[in-house]
Amino acid sequence: MDSEDLSTFTQTEDRLDLKPGTVFHGYSIEELLHHGADGEIYSAKDSGGNSVALKIPSGGGFGNLRRYASYRTEWELAGRLDHHRILSFRRGEGRFLVMERLSGTDLRSRLHSRGRLDWLEAERYLVEICEALAYLHGKGIVHHDLKPENIMIDDRQGVKLLDFGLAFCPDLDDPLGALDEPVGTPYYIAPEQLEGVRGSSFSDIYSLGVTLYEMLTGELPFEKSTTQRGARKRLYLEPIPPRIHRPDLPCGIQELLFLLLDRDPFSRPKATNISQAIRMGIDWAAIACVTPERSALDRWMDHFRIWKTPKYRNLSTGKLGQVDGYHILGVINDEVTADTVVRCVKNEAQRRDATVTLIVIVPFNLPDFDRALVEEAMIKKIDEGLTVLGAAHIRCRFHIKTGDPESEILRYAESRKVDLIAVAPRDFSILRSMVGARGLTERIVKNAAANVLVVKK
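What you see is a predicted model; the values in this text were computed from it and never measured. (Residues numbered from 1 in each chain as written. Predicted model: local features only at pLDDT ≥ 70, side-chain atom pairs only at ≥ 80, totals over all residues. Heavy atoms only, no water.)

Engineer: Just to check I follow, could you spell out the overall build of the protein for this structure?
Structural biologist: In terms of regular secondary structure, the protein is built from 15 helices and 14 strands. The contacts of the protein with a sequence gap of at least 6 include a subset with a gap of at least 24, amounting to 70%. Per element, the accessible surface of the protein, about 20700 Å² overall, is 50% carbon and sulfur. (Helix = DSSP H or I, 4+ residues; strand = E, 2+ residues; numbered from the N terminus. Contact = heavy atoms within 4.5 Å. Areas by Shrake-Rupley, 256 points an atom, 1.4 Å probe, with all protein chains shown as cover.)

Engineer: Just checking my understanding: could you explain the packing of aromatic side chains for this structure?
Structural biologist: This structure, assessed with the given rule, holds eight aromatic pairs. Both rings, one in Tyr71 and one in Trp75, keep their centres 6.0 Å apart while their planes meet at 40°; by these two values the pair is tilted. Placement of both Tyr71 and Trp75 in helix H1 (residues 65–77) is noted, with a separation of four residues, approximately one turn of the helix. Judged by relative accessible area, Trp75 falls into the buried class, the value being 1%. In textbook terms, an aromatic cluster arises when at least three aromatic residues are bridged by ring pairs, as seen for Tyr68, Tyr71, Trp75 and Phe398. (Phe/Tyr/Trp six-rings, centres within 6.5 Å; stacked < 30°, edge-to-face > 60°. Buried < 20%, exposed > 50% of the residue type's maximum accessible area, 1.4 Å probe, protein only.)

Engineer: Can you help me understand the pairing of strand E10 (residues 327–331) in this one?
Structural biologist: The two faces of the sheet receive side chains in turn, since in a regular strand these alternate between them. Counting buried positions over the five residues of E10 gives five, a clear majority of the element. By the alternation rule, side chains of E10 split into His327, Leu329 and Val331 and Ile328 and Gly330, which are all buried. At this point the chain moves from E10, through helix H11 (residues 335–352), to the parallel strand E11 (residues 355–363), and the crossover so formed is right-handed. (Right-handed = clockwise from strand over helix to strand, strands pointing away.)

Engineer: Explain the sheet that holds strand E4 (residues 51–57) to me, please; I cannot follow it from the model alone.
Structural biologist: Two modes of strand pairing occur in sheets, parallel and antiparallel, and in both the strands are linked by backbone hydrogen bonds. Strands sit in the order E1-E2-E3-E4-E6-E5 across an open sheet of six strands; the sheet is antiparallel. Each edge of the sheet is formed by a strand with only one pairing partner; in this case those strands are strand E1 (23–24) and strand E5 (89–91). On the sheet, H1 packs against E4, E5 and strand E6 (97–100) and is oriented at approximately 100° with respect to E5. (Pairing = 2+ DSSP bridges. Axes fitted to C-alpha atoms, helices over the stretch in contact; angles between N-to-C directions.)

Engineer: Could you clarify how one ought to interpret the nonpolar core in this entry?
Structural biologist: Across soluble globular proteins, nonpolar side chains have a tendency to be buried as a group. By size, the foremost hydrophobic cluster in this structure holds 100 residues, and its most contacted members are Tyr68, Leu126, Leu212 and Leu358. No other element matches helix H3 (residues 119–138), which puts eleven residues into this core. If you look at the next biggest cluster of nonpolar residues, it comprises 15 residues, including Val418, Ile421, Leu440 and Ala450. (Core = buried A, V, L, I, M, F, W, Y, C linked by side-chain atoms within 4.5 Å.)

Quick look at the structure:
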């Protein structure tokens, strides 16, 4: 992490609602392009008159653990991805991203206006998407949210992949993976993602298969469901044969779709292999039909084949890079002691040339309302801490989740080879006693394998 300023805006509402002509951090706003749950995108002009797009997170990127983890993941990747098939984006001088402005539209809009695509056009997009995925996977990065909305088609440059808020990156300690919940869009999520597996490049290939299926048929390979429960059907169901929706689709292309949508991740091809095969002139339409058309009875019987579900928990996924050298874990325990802990780990890190991880564990047994308040407060403190450490050129990470504070902190320290845990004791309160936080410092000192530094107030 570098020392770039991560200053906040004064606006605290979820939506800024910037009007055309407004000057925002030196950029002249033109129009609102998109408003979603996680933020807004505006077209704007920079000081040199160049067209750009500004991506501004809702509520400054705070709100809850998932929103902050998503925002921070994309923030850390800004400026690090350099490929002609990936939308370039960099950090703004405030809490927002500056993206290149394209002259085309996203694939979703193109499908809405034109319906399904012919194979030659879909093939061109497929090759270009695979180029972007091959670049990412070569760096150990998994997009984890591949869908038509995140695929831009520029009139001159072709396909551009965007939106890395849900990505897995081995350098970031995967804050989204720490939340222990499926992350992705239900229509396009891979079966193993539903089981909590992250960091597998084959998950992107599955999402690519869903996207290609939709491009060619105008339909989705499974029943539409906006819930994770509905999406879980794909753990044991086979996709609807695309030739049912489009009888003129060649058998070879149907076989390609079945290959991309295989429930076994290791049966799916790599992105580089797909693009190379197409560029070498393999005619998918000439491939013999290996799988006969499945009857309605066969598809109905899929519902009773749950025992065929692969053991996704055993899937070998992308590995998080271990910290090189001395590793300090700073426990953000409450608002009162957070600044003291950050100052302490900053001094220790500078003295030892160490990497710092700031950790927040929100007790799982808090009432929903109290948990939301605690999450927001702790996220702001951990964000302030990351800013302080980054300004001091200290290598830093963060880890946030809900759970039992003691067990989660000790588990993380052991699994990530932490050398020193810095934690500040808190005053007694009835609330702390109710949620099991009383005596946390003493229990960490007693049970941690690493050295423990008890920070004085």
